[in-house]
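# A structural walkthrough
Residue strings, one per chain:
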There are 4 protein chains.
Amino acid sequence: MEKIREKCGVFGIYGHSSDAAEKIVCGLTALQHRGQESAGIAVCETSGAKGNITFHKGMGLVNEVFKDDSLKTLEGNIGVGHVRYSTTGASNIANAQPVVFNYLKGTLATVHNGNLINTEELRSELFSDGAVFRSDTDTEVLATLIAKERAKCASIEEAVRLAAARIRGSYAIIVMSPRKLVAMRDPAGLKPLCIGKCEDSWVIASEDCALKAVGAEFVRDVVPGEILTFSEEGMRSDTSLCTGNHAHCIFEYIYFARLDSKIDNVDVYSARFKVGQALAGAYPVQADIVTGVPDSGLAAALGYSEQSGIPFKLAFHKNSYLGRTFIKPTGSERKHAVELKLNVIESVVRGKRIVLIDDSIVRGTTIANLISHLKNAGALEVHVRISSPPFLYPCFYGTDVPDNSELIAKKLDTTEIRKRIGADSLFYARLEDIERSVGNLPVCKACFDGHYPV
Amino acid sequence: MEKIREKCGVFGIYGHSSDAAEKIVCGLTALQHRGQESAGIAVCETSGAKGNITFHKGMGLVNEVFKDDSLKTLEGNIGVGHVRYSTTGASNIANAQPVVFNYLKGTLATVHNGNLINTEELRSELFSDGAVFRSDTDTEVLATLIAKERAKCASIEEAVRLAAARIRGSYAIIVMSPRKLVAMRDPAGLKPLCIGKCEDSWVIASEDCALKAVGAEFVRDVVPGEILTFSEEGMRSDTSLCTGNHAHCIFEYIYFARLDSKIDNVDVYSARFKVGQALAGAYPVQADIVTGVPDSGLAAALGYSEQSGIPFKLAFHKNSYLGRTFIKPTGSERKHAVELKLNVIESVVRGKRIVLIDDSIVRGTTIANLISHLKNAGALEVHVRISSPPFLYPCFYGTDVPDNSELIAKKLDTTEIRKRIGADSLFYARLEDIERSVGNLPVCKACFDGHYPV
Amino acid sequence: MEKIREKCGVFGIYGHSSDAAEKIVCGLTALQHRGQESAGIAVCETSGAKGNITFHKGMGLVNEVFKDDSLKTLEGNIGVGHVRYSTTGASNIANAQPVVFNYLKGTLATVHNGNLINTEELRSELFSDGAVFRSDTDTEVLATLIAKERAKCASIEEAVRLAAARIRGSYAIIVMSPRKLVAMRDPAGLKPLCIGKCEDSWVIASEDCALKAVGAEFVRDVVPGEILTFSEEGMRSDTSLCTGNHAHCIFEYIYFARLDSKIDNVDVYSARFKVGQALAGAYPVQADIVTGVPDSGLAAALGYSEQSGIPFKLAFHKNSYLGRTFIKPTGSERKHAVELKLNVIESVVRGKRIVLIDDSIVRGTTIANLISHLKNAGALEVHVRISSPPFLYPCFYGTDVPDNSELIAKKLDTTEIRKRIGADSLFYARLEDIERSVGNLPVCKACFDGHYPV
Amino acid sequence: MEKIREKCGVFGIYGHSSDAAEKIVCGLTALQHRGQESAGIAVCETSGAKGNITFHKGMGLVNEVFKDDSLKTLEGNIGVGHVRYSTTGASNIANAQPVVFNYLKGTLATVHNGNLINTEELRSELFSDGAVFRSDTDTEVLATLIAKERAKCASIEEAVRLAAARIRGSYAIIVMSPRKLVAMRDPAGLKPLCIGKCEDSWVIASEDCALKAVGAEFVRDVVPGEILTFSEEGMRSDTSLCTGNHAHCIFEYIYFARLDSKIDNVDVYSARFKVGQALAGAYPVQADIVTGVPDSGLAAALGYSEQSGIPFKLAFHKNSYLGRTFIKPTGSERKHAVELKLNVIESVVRGKRIVLIDDSIVRGTTIANLISHLKNAGALEVHVRISSPPFLYPCFYGTDVPDNSELIAKKLDTTEIRKRIGADSLFYARLEDIERSVGNLPVCKACFDGHYPV
């Protein structure tokens, strides 16, 4: 399946019982949609004399990496966790997080979601100081920079502040020392990060759906640029780097975030529903049913249905058992691979004019396949509505958009795309409707208009 | 999650290229919803001199059991496959299918979906002849009986016919000898079985969704009692055991079958949709939104919505990454386990009166949890509509209904159940509406009314 | 490495604590030299009401198959275990033992070392009765025959007696019913089996080295043809099938058995030592050192040294880390594979005339390699003495001798073999010396002289 | 089993075909006795434009870590490999080698055998520069130091020289840059390292037995303090750090090295044999047989036998199937664990007065067990001769001697030890005999006399 990919989900807990790792497993499972390549957890017991950080990471889903045995070795009341998407084809355990190392002042474990745009410059500087790196991730550069700053200042939170002054880009990070958790969100707020509380434990997560997964109540989003320190004295906030110039990633609402999350006070379900309504208003069509590509197109399809009065139907069955490891079909089976994943419900579509909603078009091959299957199953017309504008610009903040040569919108105009994919009509959501759908929250929409906020 | 469980899915192919196993993997993956405990495949090359059947089976999902390595050893142009649900807590590789053995006339591989009601009697008889059994499955008894009958007659299809005359219960079986596939469906048609064709290959499967997964066209359902023989002479049908007294399992339409399947000419999606419509007609309520428990309650919810005019919404996000092997939460995490699987989308339900559709109530704990979560998220009222009547009688044909002490409907009346689960109103679909939803197809509905057809 | 292969080791225990499986693991590990392809254990708790036999088997070494997890599921105070060599290239879990099945009278678990010569006849007869077989092993045929006989008589030991009257060949078997263990050795005593006792527990094993491994004292060898029944009434012996015509497999002493075992009152170490002495007496040579191919040639080399007065030295280092799963070298590494396993200790052999003792020559390639390595390391002469006569006849009792086309002694005379392998002289032990080395115990030596005792 | 433990084996190859990894697997397998905890390989293709180093490491034996799949990903014509012993109870993948990282000048892979005595000082200095460490190994400190020095000089070999001037302790290292291999041995020559050649490929290894395993000829030992650079220009030697003050680890000859190795022109087999002879000369005894504890006591036992004229016998059978993962026996099996590993051959020892040779006594429990088993098997007397002096001082150069509280020789005098272990007499080899056995090679014998050379 062709999709735009996010990079990571982060989770941290400052608790008071020794089962932090078990809670982190639940939290990361709720964030699994943000990354399925690797998972990792580091924990520490703050009450012990030694402040020993232990960790485990591996390739695969959270429930594959953390079977009972590896969990048993992870005892501690505080901890951080991470799920990761690879941005390149090659995945590698060396790139898995948390990044854990010893340095001048002790031990640090760092998790990070985002992308720095001055990594090369920082890496060169650190190289000149004699630094060595085990991976090619931004995270290792960032963690090493924090360790370096720590030598010059009085606390780990101060080191995070000093490092933050040096880096540019998107980031939501959680740094664990043996006694503290420090969380920070980039000043533009490109990446999401929120705070929860459960009895006397503090929880930090990429999305609030992960708070509920451990029984925590949502407290608030981290303010862009805010540095939070969790210690035995509770939570402390440092807003000295906050600027008010916010640019939240619009793609969290369009595709990345879970349908049941609320980020920066904007509800994901509602945002997608409203885009669907706007599409119906702007690009109406005579049709019998509205449907969406599961799962990310469904909320917008319900919005289109409500606005247009055309009934919503489920036109596809999605096979949830097709795991990451499913054997790649060869030869004659290859062409049925899409049907294995998404099968048309013939009785719903036969003889019908259909409005089909999807969140985006990247290469165009998947949507072309789906339209073809719909027509083979008897659909009379297929009118495609995309709940985002066309991708025209690369993302420098961590979203893995294919390069220009693969982006259909860079090569063809909308009419040509419509013909290529076999649709009877095709319209993309207008950027202003997208912005309206998130209540005019200040967003980064550089992938659509090329205006980069950072 | 508490659910009624089916036992198995079967798949067979009589093809002409050596990649039967690869096709069976695709077919079984499409049938994975029918059984997730074990998977197995046996294949044979009909053109070879020796007629060697090779097989592999293991515990787990199809894509776990058949990684590339095990597939490579399975070369042949004909084959059978199986996915299995355990009816008891203990799962065991000894019970995995296909059952493969050598006997007087060569080698047989047998797959079976169903339950015989005279197993004990047959087993005793076979024991007296000196038979030994490696498992406690009906399938092994049935396969041994077929092998025994084969000694007395001229062909494997004749042996199946003779064995069929001895057994009572539900069954859809496929028996493979080194040169032939023989498929049979019980005379009542309790279990589904259909025929497909793909170029010059024949395919047999529990549901037609598995035909599409290998690119085959649906030909027809197997007639209850029909014996089909696939060989190099093509397909031959023997209808001598057909009776016309049919009783198709109603639960295939309510819950077991995939939404995109059509069984005995009745479309599953439409049947569920119609029950939803009937529920709206019979048990209307003033409400703001209609929703269904994913995934099996969604089609009925759409029907309820269309009939009542109350808009359909997605009120839950389902986490599809919670695999079979997810660690069982202990202590404080236990109570959040349901939220990990199904999380309420708060923005959809806050301040709303909700109609909630589910397919059945077994113990009542899951629905009670969901209602509680909806109300915690701000739902004003939750009106439950169940798209089946209450379970009151055990199933002897292979459906794994918990025993009476666990069935809430055996212990409490509807008013008591409503209070227990915390619903504002509760109604079950009427049996006559269910029957109407499947176009008055002759069905077995013994679990609801106690009238057993066999 | 080219070697004659034995088939199996068996072990049984009738104890009084629930850790029978743990003891069997120790016993099988001591018998691991008898078979490394698969391992299996079945146990039962005699005190329970149900008499449930549980079992686990798998491919590989005992310590690979029985990690903690699989052991935990095996609770019981009585049990049987098995290690297996494959006689064919293809190994298969279906052929692993114990064979466990349900039959008319309950459950049986059977382990077997040996080979029946009338298997095909028995299999046909059982096929005619309707029997089915999951493997192509003698053991399954034998176990099924026992089950069949059990239907006609009063006890499992009586069934073993009836079955024994029907079978011909070599066998040491242990059959476990939920309350009893029945052990039997073939009337010729081709395969070894002995009895041990540890406090109030009885132990049965292929070799007495396995008794010591569980802390049991050697009691006596099972008499050829004897049937032993172990139950809560203790041990009972039935000697009604004993004949006095014994023919113990000579190869146990030459190669199969462990150096520290004593079988039928003949000490293995002493027997090999004496053959070495006899070789020195019959085939003396002027040389500087005597050495043996590790490990099976060492005892005979010590005997040769003592008799001849030529000092014994270790001329090879054996790498014990080269596991079964060592990657097969390709290309240029292939020719160093033997050196990886056995490396010459140059300082020992340089400038020396060497007597090299090995237990047998099958294809001749290994000994040729070793001689070549010795000469490359500076050995002046290599005089080969083989502690057995040439293989000239196939074994029908379970020893896996390569077929004639691979046996060098079938194709070449001793002079030609000497030239082919590059030895300066070559002599085989004389059959009469072999027989004298075991104190004229009645032995089967058919592989050397073609006189088959059964 | 209680034993003194070495730390590591290293292997490097500069070849011209892309199968360096396969050769390294063979070499490491030959060095497996030097470390069984983890194994790792890094390779590079020098001809490629990119100079990409790829690597794989894991816990376990070489043949467990490098199954076919992981080998396939390792393509390159040059490479380094490592096997590791843990010096602490906890083993950890983070400590496995090679250490591979990117730094200012590119990529480095480092393998190391030895122990630095100024690690803490170096680590502190590097910490002050901002360095971070992923492990607690000397190797990471050393590799980071080399990377730091590389920034100040013109080549990697020069960086190794600069780093070498800073470190004190024992080391045999191989550093791989994408185009070169640089090997160095500490100026005292505490750790072994030798050079081999195979056609136009250069090989470096801890012991020469690893050269033969890849078909290479021994060229010479690396001179203590010598730095060797292998590149497309061939081998270049830098002896500017050589001092002539050598102190080779005496324990290589006593126990660590393989019997078939020759280190610094001293043959291991001969050295052990001579110590046995010296023991016979210094501490004669009236006895019937001489035997050794397998495998490390056998060569000395042969020497004792030759000198004394008392015949050598094999008194123990060693079970080579007891893998690292053998389940730990509990309860009653625990006391038979030694018998599982080493079983007495009763016929050899019954009624005999025995001289038993072992290489060392650490805690004394193993030798006590063996003596007890010999006596239970009927030995009349057991006279113990140890082929090394008592351990009295800790090793700072990488040999893992238990701390004082566990060393029996620190707590008891020889008479008391004799009584404790149940021997009839006990003598240790004299230090002067040990030195004579290695031809008065300059050795480090600090563990015996407390004189530390570095």
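Residues numbered from 1 in each chain as written. Chains lettered and ligands numbered in written order. Predicted model: local features only at pLDDT ≥ 70, side-chain atom pairs only at ≥ 80, totals over all residues. Heavy atoms only, no water.

### A few points about the packing of aromatic side chains
- Applying the stated criterion to the full structure yields 54 aromatic pairs over all chains.
- Note on A:F396 and A:Y452: the rings are 5.0 Å apart at their centroids and 40° apart in plane angle, and the pair reads as tilted. With A:F396 in the loop between strand 21 (381-386) and helix 14 (408-411) and A:Y452 in the segment after helix 17 (446-449), the pair connects residues that are 56 residues apart, well separated along the chain.
- On the accessibility criterion, A:F396 (41% relative accessible area) is partly exposed.
- Here A:Y452 falls in the partly exposed class, since its relative accessible area comes to 29%.
- Consider the rings of D:F251 and D:Y255, whose centres lie 6.5 Å apart with planes at 65°: the pair is edge-to-face. Taken together, the residues span about one helical turn, with D:F251 and D:Y255 both in helix 8 (residues 251-256) at a distance of 4 residues.
- Take D:Y255: its relative accessible area is 22%, and that puts it in the partly exposed class. (Phe/Tyr/Trp six-rings, centres within 6.5 Å; stacked < 30°, edge-to-face > 60°. Helix = DSSP H or I, 4+ residues; strand = E, 2+ residues; numbered from the N terminus. Buried < 20%, exposed > 50% of the residue type's maximum accessible area, 1.4 Å probe, protein only.)

### A word on the interface of chain C and chain D
- On the side of chain D, 54 residues touch chain C, which itself brings 54 residues to the contact.
- Listed by contribution, the elements that provide at least two residues to the side of chain C that touches chain D are helix 1 (20-30), helix 3 (68-72), helix 9 (268-282), helix 10 (298-308), helix 11 (337-341), strand 19 (342-344) and helix 12 (346-349) of chain C.
- When residues in the side of chain C that touches chain D are grouped by element, the largest group, 6 residues, is from helix 1 of chain C.
- Classifying every residue of the side of chain C that touches chain D by side-chain character gives 25 nonpolar, 16 polar and 13 charged. (Contact = heavy atoms within 4.5 Å. Nonpolar A, V, L, I, M, F, W, Y, C, P; charged D, E, K, R; others polar.)

### Some details on the sheet that holds strand 21 (residues 381-386) of chain C
Residues and elements named next belong to chain C.
- Ordered in space as 17-20-21-22, the 4 strands form an open sheet in which the pairing is parallel. Looking at which strands have only one partner, the edges of the open sheet turn out to be strand 17 (289-292) and strand 22 (425-428). Here the average twist between neighbouring strands, direction ignored, is 20°.
- Relative to strand 20 (residues 353-358), strand 17 runs parallel, the two being bridged by 4 bridges. By the bridge assignment, V290 is partnered in strand 20 with V355.
- Those strands touched by helix 13 (residues 365-376) are strand 20 and strand 21, and its axis lies near 150° from that of strand 21.
- Sitting on the sheet, helix 15 (residues 414-421) touches strand 21 and strand 22, and the angle it makes with strand 22 is about 130°. (Pairing = 2+ DSSP bridges. Axes fitted to C-alpha atoms, helices over the stretch in contact; angles between N-to-C directions.)

### Section: the interface of chain B and chain A
- Tallying the contact residues gives 54 residues for chain B and 54 residues for chain A.
- Buried area between chain B and chain A, both sides added, is near 4800 Å², and the carbon and sulfur share of it is 59%.
- Applying the counting criterion to the chain B and chain A interface returns 2 salt bridges.
- In this structure, B:K313 and A:E306 form a salt bridge, with 3.4 Å as the shortest nitrogen-oxygen distance.
- Inspection of the region where chain B meets chain A yields 16 residue pairs in polar contact (both at pLDDT 80 or more).
- Residue assignment for the side of chain B that touches chain A shows that the elements contributing at least two residues are helix 1 (20-30), helix 3 (68-72), helix 9 (268-282), helix 10 (298-308), helix 11 (337-341), strand 19 (342-344) and helix 12 (346-349) of chain B. (Buried area = accessible area lost by both parts, 1.4 Å probe. Salt bridge = Lys/Arg side-chain N within 4 Å of Asp/Glu carboxyl O. Polar contact = N/O pair within 3.5 Å; in protein donor to acceptor, adjacent residues only side chain to side chain.)

### Considering the relation of the copies chain B and chain A
- It takes a turn of 180° to lay chain B on chain A, together with a shift of 0.0 Å along the axis; the resulting RMSD is 0.0 Å. On this basis, the relationship between the two copies can be described by a two-fold rotation axis. Proximity to the rotation axis, assessed at the C-alpha, singles out B:S320 in chain B; its C-alpha lies 3.4 Å from the axis.
- Interface overlap between copies is the fraction of interface residues in one copy that are interface residues in the other; for chain B against chain A it reaches 100%, indicating a shared surface. (Least-squares fit on C-alpha atoms with pLDDT ≥ 70 in both.)

### Here we look at unusual backbone geometry
- Cis geometry marks the peptide bond from B:Q97 to B:P98; its omega dihedral reads 5°.
- In this structure, B:P98 sits in the loop between strand 4 (78-84) and strand 5 (99-103).
- The peptide bond linking B:P294 to B:D295 adopts the cis configuration, its omega dihedral lying at -10°.
- By secondary structure assignment, the location of B:D295 is in the loop between strand 17 (289-292) and helix 10.
- In this structure, A:E199 is a non-glycine residue whose phi angle is positive, near 50°.
- Looking at the element boundaries, A:E199 is found in the loop between strand 9 (194-198) and strand 10 (201-205).
- Despite not being glycine, B:N265 has its phi angle at roughly 70°, a positive value.
- The exposure class of B:N265 is exposed, given its relative accessible area of 64%.

### With respect to the pairing of strand 7 (residues 169-176) of chain B
Residue and element names in this part refer to chain B.
- Most of strand 7 sits out of view: 8 of its 8 residues are buried.
- Neither face of strand 7 is exposed, since G169, Y171, I173 and V175 on one face and S170, A172, I174 and M176 on the opposite face are all buried.
- Judged from the 8 bridges that link them, strand 6 (residues 106-116) and strand 7 form a sheet pairing that is antiparallel. Note on strand 7: the bridge partner recorded for N113 is A172.
- Connecting the antiparallel pair strand 7 and strand 8 (residues 181-185) is a turn made up of 4 residues.

### Looking at the environment of C:V25
Residue and element names in this part refer to chain C.
- Along the polypeptide, V25 turns up in helix 1.
- Look at V25 and you get buried, because its relative accessible area is 1%.
- C-alpha of V25 to C-alpha of V214: the two residues are 189 residues apart in sequence and 9.3 Å apart in space.

### Comments concerning the pattern of salt bridges
- This model, assessed by the stated rule, comprises 106 salt bridges over all chains.
- In this structure, C:D238 engages C:R161 in a salt bridge whose closest nitrogen and oxygen atoms are separated by 4.0 Å. Residue C:D238 is located in strand 13 (residues 234-238), and its partner C:R161 is located in helix 6 (residues 156-166); the two are separated by 77 residues in the primary sequence.
- Here D:D129 and D:K148 are joined by a salt bridge, their closest N and O atoms 2.7 Å apart. Pair noted here: D:D129 is in the loop between helix 4 (119-128) and helix 5 (138-150) and D:K148 is in helix 5, with a separation of 19 residues, a long-range link.
- Relative accessible area serves as the criterion here: at 31%, D:D129 is assigned to the partly exposed category.

### A closer look at a nonpolar patch on the surface
- Taken together, A:I117, A:F396 and A:V454 make up a surface patch of nonpolar side chains, about 230 Å² in accessible area.
- Here A:V454 is to be found in the segment after helix 17. (Patch = residues over 30% accessible without salt bridge, like charges linked within 9 Å, V, L, I, M, F, W, Y side chains within 5 Å. Areas by Shrake-Rupley, 256 points an atom, 1.4 Å probe, with all protein chains shown as cover.)

### Thoughts on the domain arrangement of chain A
Residues and elements named next belong to chain A.
- According to the domain assignment, chain A contains domain 1 (8-246) and domain 2 (267-439).
- Relative to domain 2, the C-alpha centre of domain 1 lies at a distance of 35 Å.
- On the domain 2 side, the residues contacting the 12 residues of domain 1 number 6 residues.
- Both faces considered, domain 1 and domain 2 share a buried interface measuring about 660 Å² in area, 52% of it formed by carbon and sulfur atoms.
- The interface formed by domain 1 and domain 2 includes 3 residue pairs in polar contact (both at pLDDT 80 or more).
- A per-class count over the side of domain 1 that touches domain 2 returns 3 nonpolar, 7 polar and 2 charged. (Domains from an automatic or database assignment.)

### Observations concerning the sheet that holds strand 5 (residues 99-103) of chain C
All names here are of chain C.
- Pairing in this open sheet of 6 strands is antiparallel, and the strands run 5-6-7-8-12-13 from one edge to the other. The outermost strands of the open sheet, each flanked by one partner alone, are strand 5 and strand 13. Ignoring which end each strand starts from, the neighbouring axes of this sheet average 20° apart.
- Along the sheet face, helix 5 (residues 138-150) touches strand 5, strand 6 (106-116) and strand 7 (169-176) and points at about 135° away from the line of strand 6.
- In the packing of helix 6 onto the sheet, contacts are made with strand 5, strand 6, strand 7, strand 8 (181-185), strand 12 (227-231) and strand 13, and the angle to strand 8 comes to roughly 25°.

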